There are 2 protein chains.
Amino acid sequence: MPHPDPATLIAARGGRVTRTRTAVLSVLFEAGRPISHDEVGEALAAQGIGHDRVTLYRTLDWLVGNDLAHKVAGPDRAWRFNAVRDEGHQHAHFQCDRCGKVFCLESLQPAIAATLPSGFRLGRAELTFHGLCPACPGTTLAPERNRVAP
Amino acid sequence: MPHPDPATLIAARGGRVTRTRTAVLSVLFEAGRPISHDEVGEALAAQGIGHDRVTLYRTLDWLVGNDLAHKVAGPDRAWRFNAVRDEGHQHAHFQCDRCGKVFCLESLQPAIAATLPSGFRLGRAELTFHGLCPACPGTTLAPERNRVAP
DNA sequence: CGCACTAACGCTACAATGTTGCATTAACCA
DNA sequence: TGGTTAATGCAACATTGTAGCGTTAGTGCG
Ligand SMILES: [Mn+2]
Ligand SMILES: [Mn+2]
Ligand SMILES: [Zn+2]
Ligand SMILES: [Zn+2]
């Protein structure tokens, strides 16, 4: 399935279709994983698209606020941004301990069972796995089994 | 059960027992939840203990590196630090969407079942609940049930 | 106790990430 | 095609954390 058209998506939200917005959303679609503000900036520069740091922050915020992207915390306290495909964004993430890349585990449907202490009202749960991504060499210290109960 | 003696714990790790270290560890014990660098600093100031920003960062890092504290990400990309009681630090956390406070759910033993895509090697899993803490008013949009499967 | 050794401190400077205010530009619509 | 104003670009600032380096003080030993 090809990527949706950024301009159409942006217009559908009532936003102005600008060069920066379409380019940024396009970059997010092609990245395939959540990338940092800085990585987006590099991609824009590679396309010869001039951009201001602040504009980029605001563009990314606009995309998130209009449900065209979502952001997830990275290991280095910089947000990673990802184009939204399926509605809901109900999936876990993976952070590589070596290269720092973050991945959405879209296909993964983890089952979590837990009962919170009284007084805590649940909004949502966020599940992040840490370890080594497919591209990084080495082995983890933890058991190699892929079933976990932290 | 009363708090362990900070000075004893610090000396046991081979570190020098300084005023800052004992005071910081004591503050962490009394906080009862993970608190930010800044909150630690305020607590120190309230005790009339002079401190330097950098020293405080280094002290907290030392405590973490020596397994006397652990740090967990907050909602505002500032770390929260917590005195370690039980070994292992195998528990979930809760972030309040209103006041931003972070809580360790020490007693909670969530069950997670998931199978990672091939190539990903698992180190550990991190489970964070979001919602409203006992001290904050309001209701969440999510279902009030305390069972979740994201 | 008094001294030596050096871990820990405190200061300055710097880096990374993100925000605010405001004048200018350009997307959209009539 | 022109007017309206959302979006941009620039400068200045805020927050969180790090690196270098001279100074202070905790510790062990005679
Ligand atoms: Mn995601
Ligand atoms: Mn904890
Ligand atoms: Zn990796
Ligand atoms: Zn709260």
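The model shown is predicted, which means the values in this text are computed figures rather than measured ones.

Each value, and the rule that gives it
Residues numbered from 1 in each chain as written. Chains lettered and ligands numbered in written order. Predicted model: local features only at pLDDT ≥ 70, side-chain atom pairs only at ≥ 80, totals over all residues. Heavy atoms only, no water. Buried < 20%, exposed > 50% of the residue type's maximum accessible area, 1.4 Å probe, protein only. Helix = DSSP H or I, 4+ residues; strand = E, 2+ residues; numbered from the N terminus. Pairing = 2+ DSSP bridges. Least-squares fit on C-alpha atoms with pLDDT ≥ 70 in both. Donors = N, O, S within 2.8 Å, 3.2 Å for Na, K, Ca; no water.

Caption draft 1: Layout of the pairing of strand β4 (residues 92-96) of chain B. Residue and element names in this part refer to chain B. Burial of β4 is extensive: 5 of the 5 residues sit out of reach of the surface. The side-chain alternation of β4 yields two buried faces, one formed by Ala92, Phe94 and Cys96 and the other by His93 and Gln95. Relative to strand β5 (residues 102-105), β4 runs antiparallel, the two sharing 4 bridges. Following the sheet pairing, histidine 93 is matched in β5 by cysteine 104. Connecting β4 to the next strand, β5, in antiparallel fashion are 5 residues, including glycine 100 with a positive phi near 80°.

Caption draft 2: Quick look at the relation of the copies chain B and chain A. Between chain B and chain A, the superposition needs a rotation of 179° and an axial shift of 0.0 Å, giving an RMSD of 0.2 Å. Put plainly, the chains are arranged around a two-fold axis.

Caption draft 3: Structural context of the coordination of the manganese ion (ligand 1). All names here are of chain A. Summarising the metal site, the manganese ion (ligand 1) is bound by the protein donors His70 (NE2), His91 (NE2), His93 (NE2) and Cys104 (SG), whose distances to it range over 2.1 to 2.7 Å. Sequence spacing of the donor residues for the manganese ion (ligand 1), all on one chain, is H-x20-H-x1-H-x10-C. Exposure class is identical for histidine 91 and histidine 93. Each is buried.

Caption draft 4: Up close: the environment of histidine 70 of chain A. Its place among the elements puts histidine 70 of chain A in strand β2 (residues 69-73). As a C-alpha pair, histidine 70 of chain A and alanine 23 of chain A span 47 residues in sequence and 16 Å in three-dimensional space.

Caption draft 5: Representation of the coordination of the manganese ion (ligand 2) in the model. Residue and element names in this part refer to chain B. In this structure, His70 (NE2), His91 (NE2), His93 (NE2) and Cys104 (SG) serve as the protein donors to the manganese ion (ligand 2), at separations of 2.1 to 2.7 Å. Positions of the donor residues of the manganese ion (ligand 2) along the chain correspond to the pattern H-x20-H-x1-H-x10-C. With a gap of 11 residues between them, histidine 93 in strand β4 and cysteine 104 in strand β5 connect regions that are remote in the sequence. We classify cysteine 104 as buried; its relative accessible area is 16%.

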